[in-house]
Amino acid sequence: MSVNKSEVAAFTSDLYAVRRELPQAHHKLLEDLRKLPEEAGERTPSIIIEVKALRLAQKFAENIGKRIEGGATF
C-alpha cells in the first residue's frame, strides 16, 4: 500500500483545522443545548427536549466527521 504524500498533508491540515475550530463549535453546542428548555414551552414533554438535544449532538458529531474528511465547516 503506497501513501500519497499530498493526501496525508491535506488530511493532517484538516485535523489541525478541526483542532482549532473545535472549542468554538463545542461552545456553540453547549449554548444551543442550554437554550432548549428555555425555548420549549412549559407543557413541552421532556422527551421532546431530549430528542432535540440528541439531534443537536448528532449533528455536531456528523459535522466533525465531515470536517475531518475535508468537506464541511462547523
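Here the structure is a predicted model, which is why all the values come from computation and not from measurement.

Visitor: Help me understand the pattern of salt bridges in this model?
Guide: Applying the stated criterion to the full structure yields three salt bridges. Taking the shortest distance from any N to any O, the salt bridge between Arg 34 and Glu 31 comes out at 3.0 Å. Within this pair, Arg 34 and its partner Glu 31 are both found in helix 1 (residues 5–39), separated by three residues, close to a single helical turn. In this structure Arg 34 comes out as partly exposed when scored by relative accessible area, which is 42%. Its relative accessible area of 28% is what places Glu 31 among the partly exposed residues. The shortest N-O distance in the salt bridge between Glu 38 and Arg 34 comes to 2.9 Å. With a gap of four residues between them, Glu 38 and Arg 34 both fall in helix 1, about one helical turn apart. Looking at Glu 38, the relative accessible area reads 56%, which means it is exposed.

Visitor: Teacher, can you tell me more about the environment of Glu 69 here?
Guide: Here Glu 69 lies in the segment after helix 2 (46–68). Residues Glu 69 and Ala 10 lie 59 residues apart in sequence; the distance between their C-alpha atoms is 9.5 Å.

Visitor: How should helix 2 be read in this particular structure?
Guide: Residues lying three or four places apart along an α-helix face the same way, a consequence of the helix completing one turn every 3.6 residues. Between its first and last C-alpha, helix 2 extends 33 Å over 23 residues, near the 33 Å set by a 1.5 Å rise per residue. When helix 2 is considered as a whole, its buried residues turn out to be Phe 60, Asn 63, Ile 64 and Arg 67. Looking at the buried residues of helix 2, the elements they touch are helix 1.

Visitor: I would appreciate a short explanation of the environment of Gln 58 in the present structure.
Guide: Relative to the helices and strands, Gln 58 is located in helix 2. Residue class for Gln 58 comes out partly exposed when judged on its relative accessible area of 46%. Taking the C-alpha atoms as reference points, Gln 58 and Ser 46, twelve residues apart in sequence, are found 18 Å from one another.

Visitor: Help me understand helix 1 in this model?
Guide: The end-to-end C-alpha separation of helix 1 is 48 Å, in line with the 51 Å expected for 35 residues at 1.5 Å each. The sharpest bend along helix 1 comes to roughly 45°, located at Glu 21, with the proline Pro 23 sitting one to four residues further on. Contacts made by the buried residues of helix 1 are with helix 2.

Visitor: Whenever I open this one, the environment of Glu 50 confuses me. Can you help?
Guide: Mapping Glu 50 onto the fold places it in helix 2. Judged by its relative accessible area of 44%, Glu 50 is partly exposed. Put simply, Glu 50 and Pro 37 are 13 residues apart on the chain and 9.5 Å apart in space, counted from C-alpha to C-alpha.

Quick notes on the rules
- Residues numbered from 1 in each chain as written.
- Predicted model: local features only at pLDDT ≥ 70, side-chain atom pairs only at ≥ 80, totals over all residues.
- Heavy atoms only, no water.
- Salt bridge = Lys/Arg side-chain N within 4 Å of Asp/Glu carboxyl O.
- Helix = DSSP H or I, 4+ residues; strand = E, 2+ residues; numbered from the N terminus.
- Buried < 20%, exposed > 50% of the residue type's maximum accessible area, 1.4 Å probe, protein only.
- Expected span 1.5 Å × (residues − 1).
- Contact = heavy atoms within 4.5 Å.
- Bend = angle between axes of the 7 residues up to and from the residue.

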